[in-house]
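Take a look at the letters that make up each chain.
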Amino acid sequence: SMLSDMGVQVILVEYADRILPLEDEEVSIEMKRILEERNVTIWTDSKVEPLSVEKEDGQVTLSVVRHGAETEHTITINQVLVSIGRDANTEDLGLDNTNIQVERGVIQINDSYQTQESHIYAIGDVIGGYQLAHVASREGILAVNHMLGEKVEFLISTQVPRCTYSRPEVASIGLTEQAAKEKGYEVSISKYPLRYLGKPLVYGNPQGFIKIVGDKRTQDLLGVHLIGVQATELISTASLAKFLDASPWEIGQVIYPHPTFSEVFGEAIKK
């Protein structure tokens, strides 16, 4: 997204069957559509053949194999950006001198963020899970509270907001529609496009939508998914609703000022 904004011709090679594979599928589809409108080439279900990569005269030639295709695509480009995930940085911490256990690259902890050495706590990327700054910050607070003798509860993953700072922005919290169905929920879906609101039109970019996933049986809020302008700001409203265990109906009863981005929550529920 950023490179495209800078005028770079981008080819995105994704091994999974869609981009943003951890987000709701409809969000992934919308992002792909918007990026392709900006002339970004997107190949999903594809992989680069490692032995095919050659660098010569300031250019890189490589072969891409697309799932189900009989032939390889050979492309010559100026630069390759490899982004296939991150490992926990547990090297050179002196863990060999302790009883702290590391499994699958991450430090093992209990529900209070204590390691096997009870006076040593671990938080953030080194314990796995969401590798996000706000997650590490909250885990640090919980760990210190436990040090002070307070009873703490482990961070609830479905209450963690997740943000992608692209254009358009993507933000989500809780379960996707697919994940909710896989867990056995009978889901209800509320969806509303940003183009029907005044404020996104003022900003000149009304692309995107909100999608609210609820439990038909209990009326619990299961997840909220946003793509569009200000999505990473709007997700805080959903985060508060998840923390307070608000139902989608209760979110719809809030009086939202007009014109604002936030009124998309009320409009989605009314719809």
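Report on the accompanying structure. Bear in mind the structure is a predicted one, so any value in this text is a computation, not a measurement. Residue positions are given per chain, counted from 1 along the sequence in the order it is written. A pLDDT threshold of at least 70 governs which residues receive local features in this predicted model, and a stricter bar of 80 or more applies before side-chain atom pairs are shown or counted, although totals over entire chains, interfaces and linings include all residues. With hydrogens and water set aside, each side-chain value is computed from the structure's full complement of heavy atoms.

## With respect to the packing of aromatic side chains
Short version of the rule: For this analysis, a ring pair means two rings from Phe, Tyr or Trp (six-membered ring only for Trp) whose centres lie within 6.5 Å, classed as stacked if their planes differ by under 30 degrees, edge-to-face if by over 60, and tilted for the remaining angles. Secondary structure elements follow DSSP: runs of H or I of four or more residues count as helices, runs of E of two or more count as strands, with numbering from the N terminus.
All told, the structure shown has four aromatic pairs when counted by the stated rule. The interplanar angle of 75° and the centroid separation of 5.7 Å between the aromatic rings of Y192 and Y196 together place this pair among those described as edge-to-face. Measuring from ring centre to ring centre gives 5.1 Å for Y203 and F261, while their planes differ by 75°; the resulting arrangement is edge-to-face. In this pair, Y203 is assigned in the loop between α5 (198-202) and β12 (208-215) and F261 in the loop between α7 (248-253) and α8 (263-270), connecting sequence segments 58 residues apart.

## Digging into the sheet that holds strand β13 (residues 221-228)
What links the strands of a sheet is backbone hydrogen bonding, and the strands pair in either a parallel or an antiparallel sense. The following threshold applies: The pairing criterion for strands is at least two bridges between them, as found by DSSP. All axes are obtained by fitting lines to C-alpha atoms, using only the stretch in contact for helices, and the reported angles, taken between N-to-C directions, cover 0 to 180 degrees. By definition, residues are in contact when any of their heavy atoms lie within 4.5 Å.
One open sheet accounts for five strands, arranged β9-β10-β13-β12-β11; its pairing is antiparallel. Both edges of this open sheet fall to β9 (162-164) and β11 (187-193), since each of them pairs with a single strand only. When strand polarity is set aside, the average angle formed by the axes of neighbouring strands in this sheet is 10°. Packed on one face of the sheet, α8 meets β11, β12 and β13 and runs near 55° to β12.

## Concerning the pattern of salt bridges
Worth spelling out the cut-off: The working definition used for a salt bridge is a side-chain nitrogen of Lys or Arg within 4 Å of a carboxyl oxygen of Asp or Glu. Relative accessibility decides the category of a residue: with a 1.4 Å probe and only protein chains considered, values under 20% of the type maximum give buried, values over 50% give exposed, and everything between is partly exposed.
A full pass over the atoms with the stated rule returns 10 salt bridges. Among the ionic pairs, E36 bridges to K32, the shortest N-O distance being 2.8 Å. Of this pair, E36 and K32 both sit in helix α2 (residues 25-37), separated by four residues, roughly a single helical turn. You can call E36 partly exposed: its relative accessible area is 35%.

## Things to note about the nonpolar core
Within soluble globular proteins, side chains that are nonpolar tend to cluster in buried spots. Threshold: What we call a nonpolar core is a set of buried Ala, Val, Leu, Ile, Met, Phe, Trp, Tyr and Cys residues that are connected through their side-chain atoms within 4.5 Å.
One finds I210, I212, V224, L226, I235, V264 and F265 to be the most contacted residues of the largest nonpolar core, which totals 25 residues. Sorting the residues of this core by element identifies β10 (170-174), β12, β13, α6 (231-243) and α8 as the ones contributing at least two each. When residues in this core are grouped by element, the largest group, five residues, is from α6. Once residues lying within four places of it in the same chain are set aside, the contact partners of I212 are S188, I189, S190, L221, G223, V224, P248, F265, A268 and I269.

## Some points on unusual backbone geometry
The residue after R167, namely P168, is reached through a cis peptide bond having omega 5°. With omega at 0°, the peptide bond leading from H258 into P259 counts as cis. Along the chain, P259 turns up in the loop between α7 and α8. Here D45, not a glycine, exhibits a phi torsion of approximately 50°, which is positive.

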